[in-house]
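# Results of the structural survey
Listed here are the chains, written in short residue letters.
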Amino acid sequence: MTSCAEMAVRTSTAEAMLQGHTDRVQELGVDTVVVSDAPEECNICRPFEGKVLSISGADVG
C-alpha cells in the first residue's frame, strides 16, 4: 500500500510540474517545443523525438 501511494504522489507531482512548465511557456508567448531524445522513451513518444511541435496545435509545420 505504501509503494502504491508513493507512486501516485510521484506521478501527480511530475504531472503538475510539467503542466506548470507548459503554462509558463505559453504565458511567455512560446507555442513550439522540441521533443527531447530521452533514453528509454515510450512507444508513443519515440516517433516525435527531435521534432518541433506546437503546444496548442495552432502552428503547423
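No experiment lies behind these values; they were computed from the predicted model shown.

A few words on unusual backbone geometry. The backbone of Glu40 shows a phi angle near 60°, a positive value even though the residue is not glycine. With respect to the helices and strands, the residue Glu40 is situated in the loop between strand E1 (32–34) and strand E2 (52–54).

Since there are 3.6 residues in each turn of an α-helix, residues three or four apart along the chain are aligned in direction. With 26 residues, helix H1 (residues 2–27) ought to run about 38 Å at 1.5 Å a step, and its terminal C-alpha atoms sit 37 Å apart, in line with that. Just past H1, the residue Gly29 takes up positive phi, approximately 85°.

According to the stated counting rule, one finds three salt bridges in the structure shown. Between Glu6 and Arg10 there is a salt bridge whose closest N-O contact spans 2.6 Å. Highlighted residues: Glu6 and Arg10, both in helix H1, separated by four residues, approximately one helical turn. Glu6 gets classed as partly exposed once you look at its relative accessible area, which sits at 39%. A salt bridge links Arg24 to Glu27, with the shortest nitrogen-to-oxygen separation between them at 3.5 Å.

Examined against the element boundaries, Glu41 turns out to sit in the loop between E1 and E2. In this view, Glu41 contacts Arg46 and Glu49; residues no more than four positions away in its chain are not counted.

Partitioning the chain into domains gives domain 1 (1–30) and domain 2 (31–60). Of the residues lining the interface, five residues belong to domain 1; the matching set on domain 2 comes to four residues. Interface area, domain 1 with domain 2, both sides summed: about 300 Å², of which 62% is carbon and sulfur. Its largest share of buried area at the contact with domain 2, domain 1 owes to Thr22, Gln26 and Val30, together 86% of the area lost on that side. Our enumeration of links across domain 1 and domain 2 arrives at zero salt bridges. Viewed at the interface, domain 2 and domain 1 are joined by zero residue pairs in polar contact (both at pLDDT 80 or more). When grouped by side-chain class, the residues that make up the side of domain 1 that touches domain 2 number two nonpolar, three polar and no charged.

Rules used in this analysis
Going along each chain's sequence as written, the residues are numbered from 1 onward. In keeping with the predicted nature of the model, local features appear solely for residues at pLDDT of at least 70, side-chain atom pairs appear and are counted solely at 80 or more, and the whole-chain, interface and lining totals rest on all residues. Water and hydrogen atoms play no part in the side-chain values, which are based on all heavy atoms of the structure. Runs of E in the DSSP output that reach at least two residues are strands. Runs of H or I that reach at least four are helices, and both are numbered from the N terminus. Take the number of residues in a helix, subtract one, and multiply by 1.5 Å to get its expected span. By convention in these notes, a salt bridge is any Lys or Arg side-chain nitrogen within 4 Å of a carboxyl oxygen on Asp or Glu. The classification of residues rests on relative accessible area computed with a 1.4 Å probe and restricted to protein chains. Under 20% of the type maximum is buried, over 50% is exposed, and intermediate values are partly exposed. Throughout, a residue-residue contact means that at least one pair of heavy atoms, one from each residue, lies within 4.5 Å. For each domain, the first and last residues come from an automatic or database assignment. In short, buried area is how much 1.4 Å probe accessible area vanishes from two parts on joining, totalled over both. The definition of a polar contact used here is a pair of N or O atoms within 3.5 Å, where within protein one atom must be able to donate a hydrogen and the other to accept one, and adjacent residues in sequence count solely through side-chain atom pairs. Throughout this entry, Asp, Glu, Lys and Arg are counted as charged residues, while Ala, Val, Leu, Ile, Met, Phe, Trp, Tyr, Cys and Pro are counted as nonpolar. The remaining residues, Gly among them, count as polar.

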